[in-house]
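One letter stands for each residue in the lines below.
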Amino acid sequence: MASDMVYLEIFGQPMVMLNNQAALDLLDKRGSLYSDRPHLPMAADFSGMGDLTPIMHYGEKFQFGRRLMNQALSARAVSKWEGGIAEESHAMLRLLYSDPMKFTAHLNKMAGSIVMMSMYGHRVVSDDDPYVNLAIEFMEASTNAITGRWIVDFLPLAKYIPGLAFRKQAAEWRARIPDWVDKAFDSFKENMESLQHSSEDAKNSLCGSLMITPDGSPVDPETENRVKWIATSGFGAGLDVFIMAMALNPKVQAKAQKEIDEVIGRDRLPTFQDREYLPFMECVFKESLRWGTPAPLSVPHRLIQDDVYNDYFLPTGTICIGNIWGILHDETLYKDPESFKPERFQGLDPQEAKKLDPTNYVYGFGRRRCPGKNFAHSAAWFSMLGLLSSFVISPDIDESGKEIPIKVEFEPGAIRHTKPFRARFTPRHNKVADLLSLV
Ligand code: HEM
């Protein structure tokens, strides 16, 4: 098979792993054929999760939901959340200042708070907000359900492997669905009338923009059900990977901070308006997406009709997976792919820059490409910039003052998270506490 495609058959199920051009040619350019999702023969295990967009079959119901998402997650719609993203990101920096060891917990809290603010207009005030905890739990379970579910379907023996007790887990997840999916939405709905008049956050939220009509009339039940499920979609980006990359690459970090000092100075915190004046930071952001590859594989796509590509026959029902990690670590595209080198994106001609832009691949492909791209981009870029403007990130030190080496290791799963590691966050200058309003 062509090197851009690896074909395999598992228990009679044809599958292809698609790299580089093949992923773009098939999943993007022939999107009308390659945008379905695999059947879920053991659907009973996951009944109730079927309205989750990533596992929905391609068809009218899916397209209706995608239209709603495209509307509510457009670049313009997302720009309304910039103020909220900035506030939540500053709250994370404050927590980091006072309790740096617990950085993973602070990042999770920020991700959950941003999701609650943008999806439901709910501002998190307490450290133990029930909705944030539910959102974090759902993010974990739904992404694992998606990969886990298909692994069980392809490898029937997998369910007997200890630790892959998906059926039992599926039953536990199913019981949690009313809490995960309904609770925050029901609370939004209950308060909708008063929210409509009182809260800009609620009006600007995804639920608000799709549910609050100009004349106050209710939306139809189908729209309401889609909105409820769509609102659960925003999972967190891998800032733990970014922190690891920065701790391991002090020279890159210092270069980005020099740019921040030149453009922003030390008398204020960064804003979204600074973005176009920080070209090196943009390269650091792109390299973080490439090196960290938050989702190493696309969600599986399913071919709905026999097709031929480069003389190879692909039968109806072939499962097609975009090998995002493989593409972003292909040394013919990215020289020395294991190294964290933002400079690789500097000085490229427009055609090369377009070809190498990791955002072509990081968010998946074609008609199933991630609809949350604009949102994830804004939140991740702004938080990365905030972290670099306030702290020098380095490996932690032991009692004798020696650096504890960081191992580049990731947890298994659909979304890449680092294995736990220790990092130190040293305020970059003596105005940091003041800027974060801590003095
Ligand atoms: C850095 C953060 C994120 C990354 C790397 C990411 C990546 C991806 C990838 C690779 C896919 C699969 C695409 C495919 O099948 O070809 C996907 C699907 C999806 N993403 Fe994201 N995503 C991120 C954040 C978000 C956010 C914030 C939201 C919602 C606000 C979101 C909503 C979705 C949905 C609903 C799908 C399913 C789309 C479909 O099946 O049609 N994602 N994402």
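Along each chain, the written sequence defines residue order, and numbers are assigned to residues from 1. The predicted nature of this model means local features are confined to residues of pLDDT at least 70 and side-chain atom pairs, given and counted, to a pLDDT of 80 or more, with totals for whole chains, interfaces and linings taken over all residues. Working from all heavy atoms in the structure, the side-chain values ignore hydrogens and water.

A.B. asks: So, the site of the ligand: which residues are in play, and what are the values?
C.D. replies: The criterion for a residue being near a molecule or strand is simple. One of its heavy atoms has to lie within 4 Å of it. Lining the immediate environment of the ligand, one finds 27 residues, of which R37, R66, H301, R368 and C370 sit closest. Within the contact set of the ligand, an oxygen atom lies 2.7 Å away from a side-chain nitrogen or oxygen of H301. At a separation of 3.0 Å, an oxygen atom of the ligand approaches a polar backbone atom of F365. By the criteria applied, helices consist of DSSP H or I runs no shorter than four residues and strands consist of E runs no shorter than two, each listed in order from the N terminus. Broken down by secondary-structure element, the contributors of at least two residues to the shell around the ligand are helix 2 (60–72) and helix 18 (373–390). Counting residues per element, the shell around the ligand draws most heavily on helix 2, at three residues. Each residue is assigned to one of three groups, with Ala, Val, Leu, Ile, Met, Phe, Trp, Tyr, Cys and Pro labelled nonpolar, Asp, Glu, Lys and Arg labelled charged, and all others, Gly among them, labelled polar. Of the residues that constitute the shell around the ligand, the class distribution is 17 nonpolar, seven polar and three charged. What qualifies as a polar contact is a pair of N or O atoms within 3.5 Å, subject to a donor-acceptor requirement within protein and to the restriction that residues adjacent in sequence count only when both atoms come from side chains.

A.B. asks: Break down the packing of aromatic side chains for me, citing the residues and quoting the values.
C.D. replies: Paired rings are identified among Phe, Tyr and Trp, the last through its six-membered ring, by centres lying within 6.5 Å, and are further divided according to the angle between planes into stacked (under 30 degrees), edge-to-face (over 60) and tilted (the rest). With the rule as written, the count across this model stands at eleven aromatic pairs. Judged by centre distance (5.4 Å) and plane angle (45°), the rings of Y58 and F62 are tilted. Each residue is placed in one exposure class: buried if its accessible area under a 1.4 Å probe, protein chains only, is under 20% of its type's maximum, exposed if it is over 50%, and partly exposed if it falls in between. According to the relative accessible area criterion, Y58 is partly exposed, its value standing at 24%. Between F103 and F425, the aromatic rings sit 5.4 Å apart at their centres with planes inclined by 55°, giving tilted as the arrangement. Separated by 322 residues along the polypeptide, F103 in helix 5 (residues 103–120) and F425 in strand 8 (residues 423–427) bring together distant segments of the chain. A network of ring pairs unites the aromatic residues F103, F391, F421 and F425 as a single cluster. The aromatic ring of F410 is capped on one face by R416, whose charged end is 3.7 Å from the ring centroid. Two limits define a charge over a ring: the Lys NZ or Arg CZ must be within 6 Å of the ring centre, and within 35 degrees of the ring normal.

A.B. asks: Provide a residue-level description of helix 5, including the pertinent values.
C.D. replies: Helix span, as expected, comes to 1.5 Å for every residue beyond the first. Its 18 residues place the ends of helix 5 25 Å apart at the C-alpha level, agreeing with the 26 Å of an ideal helix rising 1.5 Å per residue. For helix 5, the buried fraction is high: 13 of the 18 residues fall into the buried class. Among the residues trailing helix 5, G121 stands out with phi positive, at a value near 75°.

A.B. asks: Could you give an account of the UniProt feature "binding site: heme" (unreviewed entry) in the protein, naming the residues involved and the relevant values?
C.D. replies: UniProt positions are given in the numbering used here, feature names are shortened, and annotations may be inferred rather than shown by experiment. UniProt records the feature "binding site: heme" (unreviewed entry) for C370 in the present numbering. Within the secondary structure, C370 sits in the loop between helix 17 (359–362) and helix 18. A relative accessible area of 28% places C370 in the partly exposed class. Whether two residues are in contact is decided by their heavy atoms: any pair within 4.5 Å suffices. Other than its neighbours up to four places away in sequence, C370 contacts R66 and Y363.

A.B. asks: Could you give an account of the pattern of salt bridges, with specific residues and numbers?
C.D. replies: Salt bridge criterion: a side-chain nitrogen from Lys or Arg within 4 Å of a carboxyl oxygen from Asp or Glu. What the rule picks out here adds up to 24 salt bridges. Of the charged contacts, one joins D28 and R369 as a salt bridge, the two residues approaching to 3.5 Å between their closest N and O atoms. In this pair, D28 is assigned in helix 1 (residues 20–29) and R369 in the loop between helix 17 and helix 18, connecting sequence segments 341 residues apart. By relative accessible area, D28 is classed as partly exposed at 27%. Two residues, D336 and K341, come together in a salt bridge whose shortest N-O distance is 3.2 Å. A residue is classified by how much of its surface remains accessible, and D336, at 35% relative accessible area, is partly exposed.

A.B. asks: Describe the side chain of D330, naming the residues involved and giving the relevant values.
C.D. replies: Turning to its location among the elements, D330 is positioned in the loop between helix 15 (324–328) and helix 16 (350–356). In this tally, Lys and Arg are treated as positive and Asp and Glu as negative; His is ignored, and so are the chain termini. For D330, which is buried and forms no salt bridge, the nearest opposite charge comes from K355, at a distance of 8.7 Å. At a separation of 2.5 Å, a polar atom in the side chain of D330 contacts the side chain of N20.

A.B. asks: Lay out the nonpolar core with the relevant residues and their values.
C.D. replies: Here the nonpolar core consists of buried residues drawn from Ala, Val, Leu, Ile, Met, Phe, Trp, Tyr and Cys, with membership extended through side-chain atoms lying within 4.5 Å. In terms of nonpolar packing, the biggest core is built from 105 residues, with L206 and I243 touching the most fellow members. Excluding residues within four positions of it along the chain, L206 makes contact with A72, L73, W81, S118, M119, V227, I230 and A231.

A.B. asks: Go over the confidence of the model for the protein with me, naming the residues and quoting the values.
C.D. replies: Low pLDDT marks regions whose predicted coordinates should not be analysed in detail. The predictor rates its confidence in each residue with pLDDT, a number between 0 and 100. For the protein, mean pLDDT is 87; residues scoring 70 or higher make up 88% of the total. Confidence drops under a pLDDT of 50 for residues 155–163, and excluding neighbours within four residues, the segment shows eight contacts in the predicted structure.

A.B. asks: How would you summarise the layout of surface pockets if you had to cite specific residues and measurements?
C.D. replies: Space inside the second largest pocket adds up to approximately 190 Å³. Among the secondary structure elements, those contributing two or more residues to the lining of the second largest pocket are helix 1, helix 16 and helix 17. By residue class, the composition of the lining of the second largest pocket is two nonpolar, three polar and five charged. Domain ranges listed in this record stem from an automatic or a database domain assignment. When residues are assigned to domains, the lining of the second largest pocket turns out to be shared by domain 1 (1–30 + 296–328) and domain 3 (237–293 + 338–439), each giving three or more. The rule is simple: put a 1 Å grid over the protein atoms alone, call a set of points where a 1.4 Å probe fits but cannot get out a cavity, call an open set with protein on both sides within 12 Å along at least five of seven lines a pocket, and count a residue as lining if it has an atom within 4 Å of a point. Grid points are joined across faces, edges and corners, and a volume is the space filled by probe spheres set on the points.

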